[in-house]
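Analysis of the macromolecular model
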Amino acid sequence: MATLEDIEDLIARTALADRAAFQELYQLTSAKLFGISLRVLGTRSEAEEAVQDSYIKIWRSAGRYQAGGYSPMTWLITIARNTAIDRLRARRSSASDLSEADAIPSSDPGPEALAIAGSERARLMSCMEELDADRSEAVKGAYLLGLTYQELAERYDVPLNTMRTWLRRSLKKLKDCLTR
């Protein structure tokens, strides 16, 4: 497992157009970014495209990353999450013809994957129940429905920074609960 310093170094080398560093950065971080994109978008194919778009953005903007500021993973995750949310918004705004959907084979997971996901889902739902109801719904809105912090702040009638605090503290509580 690479350290945060290793990832920072790879981003710095990517800023210098080092393809080998970019390839290594991709190998070390793509699974995490794919998982985030998949949670936001819900479909594998769209998540794959979002990850590809994310890495194009990372390649182009690696020079803007400031080492010592945010964690390099936070920077990468923010790019992936925002790219996925942009795709989700574009999907919502464009009305597409679904008449061809019946001819497309299902990409639903098999029985084993469903059993594993069900177990993980049960643990997560148990931990979500430990949160206050409004915090739990805010987490679902931000990380499953792709709502922005501003949209959530307006929905719950709280200042934007309060919503950010809610989400950060809720994620910490979930992490603590899931690691018990």
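What comes next is a walk through the structure.

About the criteria used
- Residues numbered from 1 in each chain as written.
- Predicted model: local features only at pLDDT ≥ 70, side-chain atom pairs only at ≥ 80, totals over all residues.
- Heavy atoms only, no water.
- Disulfide = S-S within 2.5 Å.
- Helix = DSSP H or I, 4+ residues; strand = E, 2+ residues; numbered from the N terminus.
- Buried < 20%, exposed > 50% of the residue type's maximum accessible area, 1.4 Å probe, protein only.

On to the state of the cysteines, then. Considering all chains together, one arrives at one disulfide under this definition. In this model C127 forms its disulfide with C177; the gap between the sulfur atoms is 2.0 Å. Taking the sign of the S-S torsion, about -80° here, the bridge from C127 to C177 comes out left-handed. Of the two residues, C127 sits in helix α5 (residues 111–130) while C177 sits in helix α8 (residues 160–178), which places them 50 residues apart along the sequence. For C177, a relative accessible area of 9% translates into the label buried.

So, on to unusual backbone geometry. Residue A17 is not a glycine yet carries a positive backbone phi of 65°. Secondary-structure assignment places A17 in the loop between α1 (4–15) and α2 (19–41). A residue is classified by how much of its surface remains accessible, and A17, at 48% relative accessible area, is partly exposed. Residues other than glycine seldom take positive phi values, yet D157 does so here, at roughly 55°.

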